[in-house]
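# Structural features, examined
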Amino acid sequence: MEGREKNMISAQVVIVGGGIMGTAVARELSRYKLDVLLLEKEPEVGWGTTKANSGIVHGGFHEEEGTLKAKYCFPGNQMYPKLCEELDVCFVQNGILMVARTPEEMETVRLYYERGKKRGVRLELLSREELLQQEPNLNPEIAGALYAPEGGAVMPFELAAALMENAVQNGAKYKVDAEVTKAWYDEGSGKKYLETREEIICADYVVNAAGLFSDTLARMFGDDYFRICPRKGEEYIFDLSVKDVVKSTIFPVPGQLSKGILVIPTAAGNLMMGPTGDNIDDKEDLGTSQDGFDRVLEGARSLVPSLDPRKIIAQFAGVRAASDRGDFIVELSPHVPGLLHLSGIESPGLTAAPAIAADVPRLLAEAGLAIEPKENFQPRREGVVRFNTLSRTEQDELIRRDPSFGRIICRCESITEGEIVDAVRRGARTLDGIKFRARAGAGRCQGGFCQPLIAQILSRELGLPITEVTKAGPGSEVVTSKAKELYDQEVLEV
Ligand SMILES: Cc1cc2nc3c(=O)[nH]c(=O)nc-3n(C[C@H](O)[C@H](O)[C@H](O)COP(=O)(O)OP(=O)(O)OC[C@H]3O[C@@H](n4cnc5c(N)ncnc54)[C@H](O)[C@@H]3O)c2cc1C
């Protein structure tokens, strides 16, 4: 775009960042007669910390009294069943156990019990015998536990995509590949300006939901009074054969920096262990390490001794956007009228996001925004088909209507071509997007067999040459022009 004037567009409310926070806000604001635009720098929404976390809907008893984390976590937990039902996304209410490994730890567990009870969290204290009856594969040395039956698990990426889809159904707009690189406030008009590669966007109100980079965005507007201190968490995923080792998410008694190493039955069905909690300098450091793995395995095995590392099929790291206050920042800028910061949304941010989002209309109204509900807000979104969860009769019927559901592309997870095409129609543009949305390539072989086929489907559906299909956006093309040449000459076969 260098050398040519950029288009100028406007919106009443611009949300920067399409993670769980930004997409939840977009959906919430789409209940009102407002012109809402979300800007996301990545090729799809949900690709920041939202795609790389434990996926737990926390119980609401961990957070220290008086913090914003405490204010929003339990209400968020309570919103999840209805939210996921409306959006037709997977929510598994499998409960949370905080287990004590010693009688001393059991005393700490009792303190969390008292804390949670005061907030209205449904909780039970379990003796060693009761606990082992509920979870026979736990370490038999364990002293007892706190049980929160309303804790659960979601697929965070699926939820962010569904929130955005439903917001769009209700009139919100979004742009991907739209990194805000400059932003400023014009005192005379009260307008805020945001510049991306293609455009300049003029906004009356701005919601800063830029996650790890929310301090950078704040600084663009001259707000230099908080910092994000990145903290990395490594996680390790087991294949589906390890599925039933535990039913609930198993937490130890928390440490200083994090909630500790957990054993996590994910909403997708795989078991996972992690995360580590290490302060780092580089917000984009998503590497895993032998040291991280050793610590995770040791921590997880102290809870569930039978975990077998040979069954691990994937690993990843996510970075928490911890603020220098050690708490969420949910506040209007003291310097720029109409700028709302939703920053420092570290754990339990996934859980708290719906409750924080529900507070945003009130906060923006405080800043002067006129809020008028739409009569025709549609809270329901049509969910995606998960072919392998249907009965035989339903599968036959679906294939009759659309034969592409009869072609299995990802053999590990039994994902059909129909599901992949649907993911593309809903916004997937890359191999990773297909993996997150449809789970094609998320199984034991991690895409080893199905990736070329998915690349072909993406190429066909998006009308892109195969050489432009990427794993995760520009720079991660999967087919070189040489390979394409050989493929066209039928020297190479998919
Ligand atoms: C290892 C780990 C485990 C966790 N486990 C849990 C858990 O089990 N339960 C729980 O409740 N919470 C958990 N969390 C926390 C949770 O993941 C986060 O609180 C949540 O994902 C934050 O969402 P967000 O939308 O604020 O940030 P993000 O998802 O990072 O979204 C911010 C978005 O802004 C975009 N962006 C940034 N800068 C710009 C710009 N200049 N222009 C345009 N776009 C921009 C980014 O690309 C990104 O998509 C965990 C976190 C980690 C790291």
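For the structure, see preceding data.
This write-up is about the structure you can find in this document. (Residues numbered from 1 in each chain as written. Predicted model: local features only at pLDDT ≥ 70, side-chain atom pairs only at ≥ 80, totals over all residues. Heavy atoms only, no water.)

### A short note on the overall build of the protein
The helix and strand inventory of the protein stands at 13 helices and 22 strands. Over its C-alpha trace the protein gives a radius of gyration of 23 Å, about what one expects of a compact globule, namely 23 Å for 494 residues. Projected onto its principal axes, the C-alpha coordinates of the protein cover approximately 70 × 65 × 45 Å. Per-residue burial over the protein gives 55% buried out of 494 residues. In the protein, the share of contacts with a sequence separation of at least 24, taken over all contacts with a separation of at least 6, comes to 72%. Element-wise, carbon and sulfur atoms account for 49% of the exposed surface of the protein, whose accessible area totals about 21,500 Å². (Helix = DSSP H or I, 4+ residues; strand = E, 2+ residues; numbered from the N terminus. Rg over C-alpha atoms; globule rule 2.2 N^0.38 Å. Buried < 20%, exposed > 50% of the residue type's maximum accessible area, 1.4 Å probe, protein only. Contact = heavy atoms within 4.5 Å. Areas by Shrake-Rupley, 256 points an atom, 1.4 Å probe, with all protein chains shown as cover.)

### Some points on the site of the ligand
Taken together, 39 residues surround the ligand, and among them Glu40, Thr50, Ile56, Ile345 and Thr351 come closest. Interatomic distance of 2.8 Å between a backbone N/O atom of isoleucine 56 and a nitrogen atom of the ligand. Between the ligand and glutamate 346 there is a distance of 3.3 Å, counted from an oxygen atom to a backbone nitrogen or oxygen. Contact with the protein chains hides 97% of the accessible area of the ligand, taken as 1,000 Å² for the molecule alone. Residue assignment for the shell around the ligand shows that the elements contributing at least two residues are helix H1 (20–29), strand E13 (228–238), strand E18 (312–323) and helix H8 (349–366). Residue classes in the shell around the ligand are distributed as 16 nonpolar, 16 polar and seven charged. (Near = heavy atom within 4 Å. Polar contact = N/O pair within 3.5 Å; in protein donor to acceptor, adjacent residues only side chain to side chain. Nonpolar A, V, L, I, M, F, W, Y, C, P; charged D, E, K, R; others polar.)

### Side note on the layout of surface pockets
The volume enclosed by the second largest pocket comes to roughly 450 Å³. Lining the second largest pocket we find 21 residues, and of these Met155, Ala268, Arg386, Asn388 and Thr389 sit closest to its centre. (1 Å grid on protein atoms, 1.4 Å probe; cavity = no way out; pocket = protein on both sides within 12 Å on 5 of 7 lines; lining within 4 Å. Points joined across faces, edges and corners; volume = space filled by probe spheres on them.)

### Things to note about the pairing of strand E7 (residues 144–148)
Burial analysis of E7 places five of its five residues in the buried class, which makes it a mostly covered element. Covered by surrounding structure in E7 are Gly144, Leu146 and Ala148 together with Ala145 and Tyr147, the residues of both alternating faces. Judged from the five bridges that link them, strand E5 (residues 96–100) and E7 form a sheet pairing that is antiparallel. Note that in E7 the partner of valine 99 across the bridge is alanine 145. Two elements, strand E6 (residues 124–127) and E7, share four bridges in a ladder whose sense is antiparallel. (Pairing = 2+ DSSP bridges.)

### A closer look at unusual backbone geometry
Cis rather than trans, the peptide bond between glycine 274 and proline 275 has omega equal to -10°. Mapped onto the secondary structure, proline 275 falls in the loop between strand E16 (271–274) and strand E17 (278–279). Between serine 347 and proline 348 the backbone carries a cis peptide bond, its omega angle lying at 10°. With respect to the helices and strands, the residue proline 348 is situated in the loop between strand E20 (339–343) and H8.

### Remarks on the packing of aromatic side chains
Across all of its chains, the model carries six aromatic pairs by this definition. With centroids separated by 5.5 Å and ring planes inclined at 15°, the aromatic side chains of tryptophan 184 and tyrosine 193 adopt a geometry described as stacked. Using a relative accessible area of 34% as the deciding quantity, one classes tryptophan 184 as partly exposed. Ring centres 5.2 Å apart and planes at 70° place the aromatic pair tyrosine 236 and phenylalanine 293 in the edge-to-face group. With tyrosine 236 in strand E13 and phenylalanine 293 in helix H7 (residues 290–303), this residue pair connects regions lying 57 residues apart in the sequence. Overall, the relative accessible area of 17% leaves phenylalanine 293 in the buried class. Cluster of aromatic residues (ring-pair linked, three or more members): Trp47, Phe157 and Phe436. The positively charged end of arginine 411 is found above the aromatic ring belonging to phenylalanine 449, 4.8 Å away from the centroid. (Phe/Tyr/Trp six-rings, centres within 6.5 Å; stacked < 30°, edge-to-face > 60°. Lys NZ or Arg CZ within 6 Å of the ring centre and 35° of its normal.)

### Focus: empty space enclosed by the protein
Taken as a whole and judged by the stated rule, the model has one cavity of 30 Å³ or more. Looking at the largest cavity, its volume works out to about 140 Å³. Lining of the largest cavity is provided by 14 residues; of these, Val384, Arg386, Arg426, Arg437 and Ala438 occupy positions nearest its centre. Every element with two or more residues in the lining of the largest cavity is listed here: helix H5 (156–169), helix H10 (417–425) and helix H11 (431–438).

### Here we look at the pattern of salt bridges
For the structure on display, the rule yields 46 salt bridges. Across the pair glutamate 195 and lysine 6 runs a salt bridge whose closest N-O atoms are separated by 3.0 Å. Here glutamate 195, found in strand E11 (residues 192–195), pairs with lysine 6, found in the segment before strand E1 (7–16); they are 189 residues apart in sequence, far enough to count as distant. Judged by relative accessible area, glutamate 195 falls into the buried class, the value being 13%. The closest approach of N and O atoms between aspartate 291 and arginine 295, which form a salt bridge, is 3.1 Å. Remark: arginine 295 and aspartate 291 occur in helix H7; sequence separation between them is four residues, near one turn of the helix. Classification of arginine 295 as partly exposed rests on a relative accessible area of 32%. Where salt bridges share partners, they join Arg407, Glu417, Arg425, Arg460 and Glu461 into one cluster. (Salt bridge = Lys/Arg side-chain N within 4 Å of Asp/Glu carboxyl O.)

### A word on the sheet that holds strand E8 (residues 152–154)
Within a sheet, neighbouring strands are paired by backbone hydrogen bonds and run either parallel or antiparallel to one another. Spatial ordering of the open sheet is given by E3-E8-E4, a layout of three strands whose pairing is antiparallel. One side of each edge strand has no neighbouring strand; the edge strands of this open sheet are strand E3 (56–57) and strand E4 (91–92). In terms of strand pairing, E4 meets E8 through two bridges, oriented antiparallel. Considered in E8, the bridge of phenylalanine 91 is made with valine 154.

### Focus: the environment of leucine 369
Inspection of the secondary structure puts leucine 369 in the loop between H8 and helix H9 (392–401). The residues touching leucine 369, leaving out its near neighbours within four places in the chain, are Gln12, Val13, Leu34, Tyr205 and Leu364.

### Notes on the nonpolar core
Judged by nonpolar contacts, the single largest core of 47 residues is most densely connected at Ile15, Met21, Val25, Leu29, Leu342, Ile356 and Leu364. Listed by contribution, the elements that provide at least two residues to this core are E1, H1, strand E2 (36–39), helix H2 (68–87), H5, strand E12 (199–208), E20 and H8. Of the residues forming this core, the biggest block, nine residues, is contributed by H8. Contacts of isoleucine 15, omitting those with residues within four sequence positions, involve Gly22, Val25, Ala26, Leu29, Val36, Leu37, Leu38, Leu39, Val207 and Ala209. (Core = buried A, V, L, I, M, F, W, Y, C linked by side-chain atoms within 4.5 Å.)

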